[in-house]
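Each chain, written out:
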Amino acid sequence: MEEFDSIIIGSGAGGLATALCLARAGQKVLVLEQHSVPGGWCHSFTLNGQRFSPGVHYIGLLDEGQSTSDLYQGLGVANDIIFFRMKKESYDHCIIAGKRYDLPAGIENLQKSLIHQFSKEEKNIKEYLFLIKKVNEQLQMIPKLKGFWQHLTVPYTMKHFGKFALFTLKRVIDWHIKDATLKAVLNAQCGDHGLPPNRASFPVHCSVMNHYFDGGFYPMGGGSGIVKAMTTKIKSFGGVVRTQQSVEKILVENKKAYGIQLADGTKILSKNVISNADPSTTYLKLIGKENISKSLTKKLENTKYSVTSLILFLTLDLDVTQFGIDSGNIWNFKSEDIDAHFDTLTKGNILEGDEFPAFFLSCTTLKDPVSFNGRYHNFEVVTYVNYDSFKEFNDSEDYHSPKYEAFKKRIIEKFLNSVEKIIPTAKNHIVQAELGTPKTNQFYVKTTNGNVYGTEKTLRQIGPFAYKSKTEFENLFLCGASTLSHGVTGATYSGIATASKILNVSFDDLLVKEEGQKIRIYDAEDPSTWDEFIHKKREDKIRTFKEIKIN
């Protein structure tokens, strides 16, 4: 029977970060992933030679000295990840009722752009963006507060956070901004936490906006570029990463975890067990309701998970740049009423209507120019829905029926109708159009109800009310989007926080910059910034594609 110091269940960003920190500290580490490739929501896959990344669309704060850059340097993987900077003038495009508004990199540039388009709101724009910045700064201060005097001065040092922390995004923005379209533009990134303005936590939205104030970046190779760098580093310290390993249960005795059992009955022992699965999966499926406390049972019963998603993986044989498509993401809303769109998508019949009222569109072959074969462009088109939208297919494990395929076909038609509003003639140039559904999410990532952000990021489920990394079971820990934070970087931070608990060291102790670690960043749309090997990789991609077409 094998034994390890720590077993990590799940290889999402949180699980990999935990494993890397523990392995670097000298522990014998094992990462188990039920999918055929590691990464969780960060994994990439190919369809007929075209790569897609369902959960990684952009990352922020990657310039030298910024927090995400420091994060990857501190983990020792910065040299192994290459990023492309998305278009500085418009890393995000917001299309509201058919009119496009661009979000440029740099808070000063954003402020100037918004004032130019909404001149009557100049004073309000300045005050609101200042508030976003201040609330985020003060939010980041909370874990660093130490000693009596620092806590005593909280009402003064954290006055912006204290004043607005308990309100929804809608309440706060309504106090500051009057123009309905401007509100929609400033709220467009709600999709990055999955809640409408009338339910979203204002500090969470501040954190999201701040993360992208200086622009968006996309990893070469998609999400798998990050995963490969982290798994390689884990293995360099003797860590083991195994795929197609389905964990059936966490072994516990006298409220103490001591290993896991795989679906085939194999038992593996360990001093620590870390679950990167969400809390419901961890406690109800892997441990069992009969083994947990009444208070934890009640907390799980009251836990709400985030929205799930529909994702269209689309390849077009078309020069989409002629329609204004670039490396920037597109957030499209039928009108400025984002709350109403969320209601329609999550509470209504998703087959009704010919288009989706709100969706996100991203062209990965323009964000990652190395992936472009010279002819085909790949898109991920996303909208959010409720898991109950697919409830008629939930009773059977084998849900792939003619009815399910017809259901998917109708959704694909709606997506394509929506896409054609932005890319006319898209339907005439389809190479492939495949749909990922909540059932797909559940199958490949094993999230409860196919959720995409862990627990809902409402006021009652974040901060002190979120699930803790340390559990009621000795030697059992959690990491991932339902603990510290969500998203690629949020989940990565959660893994470091969990490792710090296990090793009994501070968070900062685990982020030690290695000499010479630096992320390489190139402009996605400016070949003059690319190193020679980038040009060569792209040329190889184009040449290989031409050879395949000829043969």
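Just so it is clear, the structure is predicted and the values come from calculations on it, not from any experiment.

**Re the side chain of H341**
So, step 1. With respect to the element layout, H341 can be found in helix α14 (residues 338-347).
So, step 2. In contact with H341, not counting residues within four places along its chain, are F333, K334, S335, P357 and A358.

**Here's the deal with the pairing of strand β6 (residues 92-96)**
So, step 1. Of all five residues that make up β6, five are buried, and the element is covered over most of its length.
So, step 2. Burial along β6 is two-sided: D92, C94 and I96 and H93 and I95, pointing in opposite directions, are all buried.
So, step 3. Two strands pair when backbone bridges link them, and β6 and strand β14 (residues 329-333) are joined in this way by five bridges, in the parallel orientation. For I96, the partnering residue across the bridge sits in β14 and is F333.

**Focus: the nonpolar core**
So, step 1. F202, I325, F379 and I423 are the most contacted members of the largest nonpolar core, which totals 89 residues.
So, step 2. Those residues in contact with F202, other than ones at most four positions away along the chain, are Y128, L131, I132, V135, F164, F167, T168, L169 and V172.
So, step 3. The next biggest cluster of nonpolar side chains, apart from the first, holds 39 residues, and it includes I8, I81, I496 and I519.

**Remarks on the sheet that holds strand β17 (residues 430-436)**
So, step 1. Taken in spatial order, the seven strands of this open sheet run β7-β6-β14-β15-β16-β13-β17, and their pairing is mixed. Edge positions in the sheet fall to β7 (99-103) and β17, since each of these pairs with one other strand and no more. Strand-to-strand, the axes of this sheet are offset by a mean angle of 20 degrees, without reference to chain direction.
So, step 2. Where strand β13 (residues 308-317) lies against β17, six bridges are found, and the strand directions are antiparallel.

**Looking at empty space enclosed by the protein**
So, step 1. One pass over the full model with this rule turns up four cavities of 30 Å³ or more.
So, step 2. Approximately 140 Å³ is the volume found for the largest cavity.
So, step 3. If you trace the largest cavity, you find 14 residues lining it, with W331, F333, F342, A358 and Y384 closest to the centre.
So, step 4. Elements with a contribution of two residues or more to the lining of the largest cavity: β14, α14, β15 (358-363) and β16 (376-385).

**With respect to the packing of helix α1 (residues 13-24) against helix α11 (residues 223-236)**
So, step 1. Two elements in contact, α1 and α11, have axes separated by 9 Å at closest approach and are oriented at 25 degrees. Judged by the angle between their axes, α1 and α11 are roughly parallel. Judged by the sense of rotation from one axis to the other, the crossing of α1 with α11 is left-handed. Within the contact between the two elements, α1 uses A13, L16, A17, A19, L20 and A23 and α11 uses V227, M230, T231, K233 and I234.

**Remarks on the pairing of β14**
Regular strands show a simple pattern: their side chains alternate between the two faces of the sheet.
So, step 1. Among the five residues of β14, five are classified as buried, and the element is accordingly described as predominantly covered.
So, step 2. Neither face of β14 is exposed, since N329, W331 and F333 on one face and I330 and N332 on the opposite face are all buried.
So, step 3. Judged from the four bridges that link them, β14 and β15 form a sheet pairing that is antiparallel. Its bridge partner being in β15, N332 is matched across the sheet by F359.

**Comments concerning the pattern of salt bridges**
So, step 1. Using the criterion set out here, one finds 27 salt bridges in the structure.
So, step 2. Close ionic contact of K134 with E137 constitutes a salt bridge, the shortest N to O distance being 3.6 Å. Residue K134 and its partner E137 are located together in helix α4 (residues 122-141), separated by three residues, close to a single helical turn.
So, step 3. Note that D540 and K536 form a salt bridge whose closest N and O atoms lie 3.2 Å from each other. Of this pair, D540 and K536 both sit in helix α19 (residues 532-550), four residues apart, which is roughly one turn of the helix.
So, step 4. A relative accessible area of 23% places D540 in the partly exposed class.
So, step 5. What emerges from the salt-bridge pattern is a single network uniting K536, D540, R543 and E547.

**Comments concerning unusual backbone geometry**
So, step 1. Of note, Q244 is a non-glycine position whose phi angle comes to about 55 degrees, a positive value.
So, step 2. Mapping Q244 onto the fold places it in the loop between β9 (240-242) and β10 (247-253).
So, step 3. For Q244, a relative accessible area of 60% puts it in the exposed group.

**Quick notes on the state of the cysteines**
So, step 1. All told, the structure shown has zero disulfides when counted by the stated rule.
So, step 2. Cysteine C206 is unpaired, with the sulfur of C190 as its nearest cysteine sulfur at 11 Å.
So, step 3. Looking at C206, the relative accessible area reads 0%, which means it is buried.
So, step 4. Just so you know, C479 is unpaired, no disulfide at all, and the nearest cysteine sulfur is the one on C21, 11 Å from it.
So, step 5. Relative accessible area serves as the criterion here: at 3%, C479 is assigned to the buried category.

**A closer look at the packing of aromatic side chains**
So, step 1. Following the criterion strictly, the structure yields 24 aromatic pairs and no others.
So, step 2. Ring centres of F390 and Y404 lie 6.4 Å apart, and the angle between their planes is 65 degrees; on these two criteria the pair is classed as edge-to-face. In this pair, F390 is assigned in the loop between β16 and α16 (402-420) and Y404 in helix α16, connecting sequence segments 14 residues apart. Judged on exposure class, the residue F390 and its partner Y404 are both buried.
So, step 3. Measuring from ring centre to ring centre gives 5.0 Å for F390 and F407, while their planes differ by 75 degrees; the resulting arrangement is edge-to-face. Of this pair, F390 sits in the loop between β16 and α16 while F407 is found in helix α16, placing the two residues 17 residues apart along the sequence.
So, step 4. Take F407: its relative accessible area is 9%, and that puts it in the buried class.
So, step 5. Among the aromatic residues, those joined into a ring-pair cluster are Y128, F164, F167, W175 and F202.
So, step 6. Positioned above the aromatic ring of F4, the side-chain terminus of K28 is 4.9 Å from the ring centre.

About the thresholds
Residues numbered from 1 in each chain as written. Predicted model: local features only at pLDDT ≥ 70, side-chain atom pairs only at ≥ 80, totals over all residues. Heavy atoms only, no water. Helix = DSSP H or I, 4+ residues; strand = E, 2+ residues; numbered from the N terminus. Contact = heavy atoms within 4.5 Å. Buried < 20%, exposed > 50% of the residue type's maximum accessible area, 1.4 Å probe, protein only. Pairing = 2+ DSSP bridges. Core = buried A, V, L, I, M, F, W, Y, C linked by side-chain atoms within 4.5 Å. Axes fitted to C-alpha atoms, helices over the stretch in contact; angles between N-to-C directions. 1 Å grid on protein atoms, 1.4 Å probe; cavity = no way out; pocket = protein on both sides within 12 Å on 5 of 7 lines; lining within 4 Å. Points joined across faces, edges and corners; volume = space filled by probe spheres on them. Parallel < 35°, antiparallel > 145°, perpendicular 65-115°, else oblique. Left-handed = near helix turned anticlockwise from the far one by under 90°. Salt bridge = Lys/Arg side-chain N within 4 Å of Asp/Glu carboxyl O. Disulfide = S-S within 2.5 Å. Phe/Tyr/Trp six-rings, centres within 6.5 Å; stacked < 30°, edge-to-face > 60°. Lys NZ or Arg CZ within 6 Å of the ring centre and 35° of its normal.

All we've got here are geometric facts, nothing functional implied.
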